[in-house]
Amino acid sequence: MSRQVPTSRTKQILDHVEQRRQQWARELPDVDTTGMAVLGRARWITLSVRPPIESVFARYGLDAGEFDVLATLLRAGRPYRMRPTELFQSLMISSGGLTNRLARLEAAGLVTRPLSDADSRSLLAELTPAGRRVAEAAFREDMRVEANLLKGLTKAETRQLALLLAKLASSLAVPE
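What counts and what doesn't
Residues numbered from 1 in each chain as written. Predicted model: local features only at pLDDT ≥ 70, side-chain atom pairs only at ≥ 80, totals over all residues. Heavy atoms only, no water. Helix = DSSP H or I, 4+ residues; strand = E, 2+ residues; numbered from the N terminus. Contact = heavy atoms within 4.5 Å. Areas by Shrake-Rupley, 256 points an atom, 1.4 Å probe, with all protein chains shown as cover. pLDDT = per-residue confidence, 0-100. Pairing = 2+ DSSP bridges. Core = buried A, V, L, I, M, F, W, Y, C linked by side-chain atoms within 4.5 Å. Buried < 20%, exposed > 50% of the residue type's maximum accessible area, 1.4 Å probe, protein only. Axes fitted to C-alpha atoms, helices over the stretch in contact; angles between N-to-C directions. Parallel < 35°, antiparallel > 145°, perpendicular 65-115°, else oblique. Nonpolar A, V, L, I, M, F, W, Y, C, P; charged D, E, K, R; others polar. Patch = residues over 30% accessible without salt bridge, like charges linked within 9 Å, V, L, I, M, F, W, Y side chains within 5 Å. Salt bridge = Lys/Arg side-chain N within 4 Å of Asp/Glu carboxyl O.

Caption draft 1: Summary view of the overall build of the protein. A count of helical and extended segments in the protein gives seven helices and three strands. The order of helices and strands in the protein, counted from the N terminus, is α-α-α-β-α-α-β-β-α-α. At a minimum sequence separation of 6, the contacts of the protein that also span at least 24 residues come to 47%. Accessible surface, the protein: about 12300 Å² in total, of which carbon and sulfur atoms supply 58%.

Caption draft 2: Expanded view of the confidence of the model for the protein. Taken over all residues, the pLDDT of the protein has a mean of 89, while the share at 70 or more is 89%. Of all helices and strands in the protein, the one with the weakest mean pLDDT is helix α4 (residues 84–91) (87), whereas helix α6 (residues 129–149) scores best (98). Here residues 1–10 is a poorly scored stretch, pLDDT under 50, and it has 13 contacts once near neighbours within four places are set aside; other chains count.

Caption draft 3: Local environment of the sheet that holds strand β3 (residues 125–127). Pairing in this open sheet of three strands is antiparallel, and the strands run β1-β3-β2 from one edge to the other. Because the sheet does not close on itself, it has two edges, and the strands there are β1 (81–82) and β2 (111–112). In the sheet, β2 pairs with β3 via two bridges, with the strands oriented antiparallel. The residue of β3 that forms the bridge with T112 is E126.

Caption draft 4: Main features of the environment of L124. Among the structural elements, L124 can be located in the loop between β2 and β3. For the pair L124 and T112, spaced twelve residues apart in sequence, the C-alpha to C-alpha distance is 8.0 Å.

Caption draft 5: The nonpolar core, seen in detail. Residues L62, V69, L70, L73 and L87 are the most contacted members of the largest nonpolar core, which totals 24 residues. Those elements that place two or more of their residues in this core are α2 (34–59), α3 (64–75), α4, α5 (95–107), β3 and α6. For this core, the leading source of residues is α3, giving five residues. Sequence-distant contacts of L70, that is, excluding residues within four places in its chain, are made with L62, L105, L110, V111, L127, G131, V134 and A135.

Caption draft 6: Representation of the packing of α3 against α5. Relative orientation of the contacting elements α3 and α5 amounts to 85°, with a least axis distance of 10 Å. By the angle class used here, α3 and α5 are roughly perpendicular. On α5, the residues touching G65, E66, V69 and L70 of α3 are L98, R101, L102, R104 and L105. Residues of the contact of α3 with α5, tallied by class, amount to five nonpolar, one polar and three charged.

Caption draft 7: Expanded view of a nonpolar patch on the surface. A cluster of nonpolar side chains, V38, L39, L150, L153, L161, L165, L168 and L172, forms an exposed patch at the surface whose accessible area comes to about 670 Å². Sorting the residues of the nonpolar patch by element identifies α2 and α7 (155–172) as the ones contributing at least two each. With four residues, the single largest contributor to the nonpolar patch is α7. Structurally, L39 can be placed in helix α2. Judged by relative accessible area, L39 falls into the exposed class, the value being 53%.

Structural data, given as structure tokens:
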């Protein structure tokens, strides 16, 4: 049963998800809505935090997808270069989607497309010095924004939530 009865030891949080759960509990009391309690809130949180995070990238002239490319190249370490196949697999996007992002980033002077030493027919994706500066600055600002978004939780709660989400994500991962 999905009904939650607050006790003196627990404080019920009556947000939009809990309101919906209570409505379902009245109409279909035999249906367990625990999944809604977790996944409904996860969805709401994701949608709520997108605007402030995406505004960080916009200040650097990027969209979230372009930032992902720059960040992936930066995380790869020196020489901040990857094969496009490695990039699109890491980003979990199509090769066509990556091609469009790389074209925009190259036009902005944030990446170059040098020939591969191993295969002269293949182009790599490499951060330019300007791309590295933009990626690092945007990442630092993004992490400040995200830390601020988590201020409603204590450090211990944040660590616990991160562990629980990692456990859930692992349980949902499709084996390769």
